[in-house]
Amino acid sequence: MTDSVEAQDSSYAAARLRLLNEEARSGPPRRAALAALTDQWLAQLAGEAAAATGTTGFALLAVGGYGRGELSPRSDLDLVLLHDSQKTVAALADRIWYPVWDLGLALDHSVRTPAEARQTAGEDLKVQLGLLDARHIAGDSALTAALRSSVLTDWRNQAPKRLPALHEMCQERAERQGELSYLLEPDLKEARGGLRDATALRAVAASWLADAPREGLEEARTTLLDARDALHLATGRATDRLALQEQDQVADALGLLDADALLRQVYEAARRIAYASDVTWREVGRVLRSRQQRPRRRGLLGRGRTTPAAVHTPERVPLADGVVEQEGEAVLALAARPDRDPVLALRAAAAAAQAGLPLSLHAVRRLAASAKPLPVPWPGEAREQLVTLLGAGESTVQVWEALEAEGLITRLLPDWERVRCRPQRNAVHRFTVDRHLVETAVQAAELTRRVGRPDLLLTAALLHDIGKGWPGDHSEAGEVIARDVATRIGFHEADVDTLALLVRHHLLLIDTATRRDLDDPETIRSVAETVRDTSTLELLAALTEADALATGPAAWSTWRASLLADLVDRVAGALDSGALPQVAEREPTAEEERLAIEAARTGGPVLALHAHTEPEAEGDAQDEALGVELVLAVPDRPGLVAQAAGVLALHRLTVRAADLRAVDPLGEGPIALLTWRVSAEYGALPEAARLRADLARAFEGTLDIEARLAEREAAYPRRRGITPPPPRVSVAPGGTSQTATVLEVRAHDAPGLLHRIGLALTATAVTVRSARISTLGANAVDAFYVVGKDGEPLPPARAAEVARQVEKALR
């Protein structure tokens with residue numbers, strides 16, 4: 001090495017050291033300055049090496065992160081030496097590479113002709129990705145420009161094949177490295193949501209096939225790069241893993257309060273990149289599918305030119321009022337007005353999650369920009385839609401993340417801000433606090449058949465650790481917050497008390513089961529006094545299991561499950577029995593009496609349809625009707641529930657609650673009074689005259705309800721949806737009713753569900769004397785008071801058989 005080169009190396013090393021020690025210059029300016037300093041040094045090396053070897057027709061290129069000018073303190077120097085097959089190129093390369101090695105810098109290098117570089121890029125996706133960011137340093141700039149142009153052309157031409165391969169590479173890396181935004185020691189580069197994914201988004205944009213949502217993306221990338229710079233300086237090593245022992249030092253270098261503040265900032269950046277990746281890859285899939293369809297349409301026409309018949313109009317399938325499915329996403333209907341419909345955001349989210357679809361980026365951003373704020377307390381529909389969203393299981397996660405990415409969650413639930421991206425420094429926990437809460441709701445959705453109030457279970461799951469954002473015992477703080485949130489979203493006072501109790505004591509059962517003597521009567525008495533009744537006990541037991549399953553494998557085991565079950569059985573035995581309230585006997589209203597008399601005189605159905613405004617009794621499942629109230633009076637007959645519910649399903653009316661009982665106003669035979677609270681699936685409510693006409697035809701036997709329902713279903717393409725827990729039909733404990741056997745049906749709400757239940761009951765030859773129908777989010781919890789042909793309650797064996805037959809029919 002010549003004295004001149006040694007002097008250059010020494011000068012570069014000193015200048016590099018000064019730059020890295022400048023506290024006033026960090027972040028993007030320092031990375032850019034370090035790249036420029038390195039460019040200058042390498043260009044001088046290359047110039048002197050070319051002069052010494054007599055080499056012409058070469059170019060030195062920076063690729064990868066160095067090519068983007070994002071040189072971190074310990075980053076590799078990724079270099080490509082292009083040449084035109086001169087024999088002196090090996091000597092030229094040695095004179096460039098050895099000074100780099102002598103300074104102890106990591107070097108990733110290759111020497112190729114333009115043709116070789118292009119061929120290698122075509123065979124190796126990683127090489128091609130690096131060359132997309134190629135930047136000229138020294139030599140013949142025309143060689144660099146030509147290679148860049150050819151590589152970009154190849155990338156765009158090969159995008160239909162290359163992008164799926166890139167997506168698969170990203171997915172495989174995510175499976176190996178995990179989700180950056182949930183790891184206590186995340187890899188800032190390789191984990192999902194890391195710098196590799198950000199680079200992949202740049203590559204997708206370069207293909208011109210799709211582009212990532214830009215808002216906040218560059219800031220997120222900068223956050224991760226800044227953290228990596230500080231990590232390199234703190235460790236003195238080229239590492240991308242943010243280990244626990246370095247987090248405080250890195251936080252201090254970035255001017256942050258502590259390691260938790262660092263992780264929250266890193267997690268937020270990773271979520272932004274991960275969300276942008278999800279949106280982008282969906283768009284890539286949509287574009288590639290549409291390209292595959294075009295040749296077939298042209299072939300069917302027999303011509304190459306486009307005609308009006310060949311223009312593809314995306315199919316829009318209704319999901320809910322104001323929400324449709326289009327090309328695999330839930331989008332807003334053309335007539336939707338977020339500025340006039342405060343519940344639309346939650347309705348769209350619930351519909352998307354229940355259908356197993358992502359909520360489109362355009363829809364979320366439109367809702368975030370123009371959605372009308374919800375009043376406080378929330379209307380009943382808003383609360384129902386939140387519960388429906390939470391009850392969708394795994395599909396809830398992607399929809400929740402979309403809402404959170406655009407700030408809608410903290411707008412709906414301001415207390416969420418304190419737990420958002422909050423790390424949990426406990427090896428047992430897999431997730432941050434906020435994701436753990438959502439995951440607990442996901443697990444609770446599988447347990448909704450075990451409880452009589454699935455809406456309270458799902459809400460408690462979402463709130464049970466909400467106090468972790470506050471100082472002190474998180475259960476005590478959480479109780480106060482949960483009470484405030486439950487009141488805000490419109491639960492009755494009794495339900496608010498239950499939710500507060502569930503949050504305050506969400507660790508009670510598992511702590512007692514694993515740490516106390518269950519043979520000690522005082523242990524059982526203490527728990528029984530805390531939970532108060534069997535309904536709360538079953539809620540707390542389900543919440544305990546969901547919480548443990550959401551925490552991680554170490555938090556739940558067969559042994560823990562058996563201990564919990566034993567404790568719950570003992571406590572249940574100590575509490576008073578009785579699961580279902582009696583159907584309240586009340587005198588008919590003046591309107592109901594008038595309708596019943598008219599039905600008795602005419603022998604046909606008589607109905608009234610009007611807005612429902614009367615609140616329910618305090619502590620009931622719902623505080624107000626959703627939609628309208630339909631009162632139907634008709635001479636009682638077998639199969640009445642199935643027929644009436646089938647007609648409602650034909651008219652796309654969703655039954656939110658119902659009450660069935662019999663009266664005899666003229667002493668000439670029982671008249672069934674059915675009071676339904678219904679809402680339209682989407683669109684306007686049907687006219688009362690049309691509804692009455694179809695009811696009359698159904699009761700006369702001239703309307704084939706099953707055939708009409710089948711025709712309607714066949715008219716719409718079958719869309720995917722979530723797989724809910726199987727239905728459960730059980731016989732309520734003895735003592736629930738003295739005059740009838742009570743069958744409780746817990747199932748996933750769906751169009752025609754009540755019709756199918758009615759058919760199943762009719763097939764078992766029992767008579768429904770009264771019924772109580774409740775729809776809580778996406779869950780139906782229905783109680784049917786049935787008797788045998790003798791008008792008496794069913795014998796135990798017969799009741800159990802009827803329950804099995806109904807459950808089998810629903811499955």
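Just so you know, these numbers come straight off a predicted model, no measurement behind them. (Residues numbered from 1 in each chain as written. Predicted model: local features only at pLDDT ≥ 70, side-chain atom pairs only at ≥ 80, totals over all residues. Heavy atoms only, no water.)

Novice: Which residues make up the pattern of salt bridges, and what are the values?
Specialist: Tallying each qualifying case throughout the model produces 50 salt bridges. The salt bridge partner of Asp339 is Arg337, with a shortest N-O separation of 3.0 Å. Classification of Arg337 by relative accessible area gives partly exposed; the value is 37%. (Salt bridge = Lys/Arg side-chain N within 4 Å of Asp/Glu carboxyl O. Buried < 20%, exposed > 50% of the residue type's maximum accessible area, 1.4 Å probe, protein only.)

Novice: Could you give me a rundown of the sheet that holds strand β6 (residues 323-326), with the residues and numbers involved?
Specialist: Strand pairing in a sheet takes place through backbone hydrogen bonds and is either antiparallel or parallel in direction. With antiparallel pairing, 3 strands are arranged side by side in an open sheet as β5-β6-β7. The sheet is open, and its two edges are formed by β5 (316-320) and β7 (329-332), each paired on a single side. For this sheet, the mean inter-axis angle between neighbouring strands, taken without regard to orientation, is 40°. Two strands pair when backbone bridges link them, and β5 and β6 are joined in this way by 4 bridges, in the antiparallel orientation. Bridging across to β6, Pro318 finds its partner in Val324. Helix-sheet contacts for helix α13 (residues 344-354) involve β5, β6 and β7, and the interaxial angle to β6 is about 40°. (Pairing = 2+ DSSP bridges. Helix = DSSP H or I, 4+ residues; strand = E, 2+ residues; numbered from the N terminus. Axes fitted to C-alpha atoms, helices over the stretch in contact; angles between N-to-C directions. Contact = heavy atoms within 4.5 Å.)

Novice: Describe the packing of helix α7 (residues 141-157) against helix α8 (residues 159-177), naming the residues involved and giving the relevant values.
Specialist: Where α7 meets α8, the axes come as close as 5 Å, and the angle between the chain directions of the two elements is 85°. One finds that α7 runs roughly perpendicular with respect to α8. Along its contact with α7, which presents Trp155, Arg156 and Asn157, the element α8 presents Ala159, Pro160, Arg162, Leu163 and Leu166. Of the residues belonging to the contact of α7 with α8, the class tally is 5 nonpolar, 1 polar and 2 charged. (Parallel < 35°, antiparallel > 145°, perpendicular 65-115°, else oblique. Nonpolar A, V, L, I, M, F, W, Y, C, P; charged D, E, K, R; others polar.)

Novice: Give a detailed account of the nonpolar core, specifying residues and quantitative values.
Specialist: Trp378, Trp400, Leu413, Trp416, Leu509 and Val571 are the most contacted members of the largest nonpolar core, which has 97 residues in total. A total of 9 residues in this core trace back to one element, the largest contributor, which is α13. Excluding residues within four positions of it along the chain, Leu509 makes contact with Val527, Leu537, Leu540, Ala541, Thr544, Leu564, Leu567 and Val568. One finds Ala645, Leu695, Leu709 and Ile757 within the second-largest nonpolar core, a separate group that totals 50 residues. (Core = buried A, V, L, I, M, F, W, Y, C linked by side-chain atoms within 4.5 Å.)

Novice: Summarise the environment of Arg156; cite the residues concerned and give the values.
Specialist: Tracing the backbone shows Arg156 in helix α7. Taking C-alpha positions, Arg156 is 47 Å from Leu458, a pair spaced 302 residues apart along the chain. Residues in contact with Arg156, not counting those within four places in the same chain, are Ala206, Ser207 and Trp208. A polar contact is formed between the side chain of Arg156 and the backbone oxygen of Ala206, at a distance of 2.7 Å. (Polar contact = N/O pair within 3.5 Å; in protein donor to acceptor, adjacent residues only side chain to side chain.)

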